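Coordinate inspection notes
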Amino acid sequence: MLPANSVASIPTLLPILDGIIFSGGIDIAPWFYGQEPQIGIGAYETDRDQWEIELCNRAWEAHVPMLGICRGCQLMNVARGGTLIQDIARSVPNALLHNPSIPHNELSHHIEIEDDSALASIFKTKILHVNSLHHQAVDVSAPDFKVVARSGDEVIEALEPIDPGRFALALQFHPEGLFERYPDFLEPFKALVNAAFRRGCQSC
Ligand SMILES: [Mn+2]
């Protein structure tokens with residue numbers, strides 16, 4: 001947990017961060033991705049938005065490895081210039097249920113992972129059964145990212161950088177809710193730690 005949420009603290013914090021997890025949470029205020037609020041948007045907290053967007057961009061410049069989960073996935077996309085679907089149920093035709101009222105450790109829909117992606121290497125599979133606890137999703141992906149997984153209704157479920165030398169994995173599902181029952185979901189966290197270790201060793 002970072003003991004701060006002010007943009008002014010970022011220059012002090014950044015040099016001591018080996019890696020960052022942008023965690024889940026409430027919605028991102030729509031004007032951060034150039035939109036007005038639509039019916040269906042949930043609560044947002046602009047102090048947290050500003051702090052995380054600034055932290056993401058400064059960390060991006062410094063090549064700090066990052067893992068985004070749910071809101072964190074959306075946050076990384078918005079910080080780098082992408083947009084969001086404000087409410088899947090209102091915007092996506094024939095949408096799957098992405099926010100079922102079930103515990104975080106229960107599986108929901110499947111996702112299809114792109115071949116030749118880092119995500120496919122991490123999970124060693126093309127079809128992955130995931131949990132789902134979101135009502136928003138990435139709409140237009142940011143120029144730095146490519147889409148590497150979608151659910152059956154075409155909703156974007158994972159992004160990774162176009163630059164293969166950078167670790168910035170953005171997941172719409174919640175691996176932290178699943179790894180105790182399904183150990184494969186520990187793999188994204190191992191990948192983050194390994195990327196942080198590799199970056200640290202460049203200055204050893
Ligand atoms: Mn989903």
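Heads up: the structure comes first, above all this text.
Residues numbered from 1 in each chain as written. Predicted model: local features only at pLDDT ≥ 70, side-chain atom pairs only at ≥ 80, totals over all residues.

1. Notes on helix H3 (residues 71–79)
Counting buried positions over the 9 residues of H3 gives 9, a clear majority of the element. Count one or two residues on from H3 and you reach glycine 81, which has phi positive near 110°. (Buried ≥ 20, exposed ≤ 12 C-beta atoms within 10 Å, placed from the backbone. Helix = DSSP H or I, 4+ residues; strand = E, 2+ residues; numbered from the N terminus.)

2. Let's talk about the pairing of strand E4 (residues 110–113)
Residues Ile111 and Ile113 line the buried face of E4, whereas the alternating positions His110 and Glu112 sit on a face that is not buried. Strand direction decides the pairing type here: E4 and strand E5 (residues 127–129), joined by 3 bridges, are antiparallel. Residue pairing in the sheet places glutamate 112 in a bridge with isoleucine 127 of E5. Relative to strand E7 (residues 145–151), E4 runs antiparallel, the two sharing 3 bridges. Bridging from a neighbouring strand, isoleucine 113 pairs with alanine 149 of E7. (Pairing = 2+ DSSP bridges.)

3. Describing the sheet that holds E5
Reading across the sheet, the 7 strands line up as E1-E2-E9-E8-E7-E4-E5 and stay open at both edges, with mixed pairing between neighbours. Where the open sheet ends on each side, the last strands, each with one partner, are strand E1 (20–22) and E5. Between one strand axis and the next, the sheet turns through 20° on average, direction left out of account. (Axes fitted to C-alpha atoms, helices over the stretch in contact; angles between N-to-C directions.)

4. Observations regarding the pairing of strand E9 (residues 168–171)
The alternating pattern of E9 places Ala168 and Ala170 on one face and Leu169 and Leu171 on the opposite face, and all of these are buried. One ladder, built from 4 bridges, connects strand E2 (residues 66–69) with E9; its direction is parallel. Bridged to isoleucine 69 within E9 is leucine 171. Where strand E8 (residues 156–161) and E9 come together, 2 bridges link them in antiparallel fashion. By the bridge assignment for E9, leucine 159 is matched with alanine 170. Hairpin connection from E8 to E9: 6 residues lie between these consecutive antiparallel strands.

5. Some thoughts on helix H2 (residues 46–61)
With 16 residues, H2 ought to run about 22 Å at 1.5 Å a step, and its terminal C-alpha atoms sit 23 Å apart, in line with that. Buried residues of H2: Asp49, Glu52, Ile53, Leu55, Cys56 and Ala59, and no others. Projected down its long axis, H2 shows its buried positions confined to an angular sector of 165°, all on one face. Turned more than 90 degrees from where H2 packs its buried face, Thr46, Asp47 and Glu61 sit exposed. Residues of H2 that are buried sit in contact with helix H1 (10–13), E1, E2 and H3. At the exit of H2 stands histidine 63, carrying a positive phi of roughly 60°. (Expected span 1.5 Å × (residues − 1). Arc of directions from axis to C-beta. Contact = placed C-beta atoms within 7 Å.)

6. Brief notes about the nonpolar core
Judged by nonpolar contacts, the single largest core of 48 residues is most densely connected at Cys56, Met66, Met76 and Leu119. The element contributing the most residues to this core is H3, with 5 residues. In this structure methionine 76 touches Phe22, Cys56, Met66, Gly68, Ala168 and Ala170, once residues within four positions along its chain are discounted. (Core = buried A, V, L, I, M, F, W, Y, C linked by C-beta atoms within 7 Å.)

7. Focus: unusual backbone geometry
Not every positive phi belongs to a glycine, and aspartate 116 is a case in point at roughly 60°. Within the secondary structure, aspartate 116 sits in the loop between E4 and helix H5 (118–123). The exposed category is assigned to aspartate 116, around which 8 C-beta atoms lie within 10 Å. Here the phi dihedral of lysine 124 falls at roughly 55°; this positive angle occurs in a residue that is not glycine. Looking at the secondary structure, you find lysine 124 in the loop between H5 and E5.

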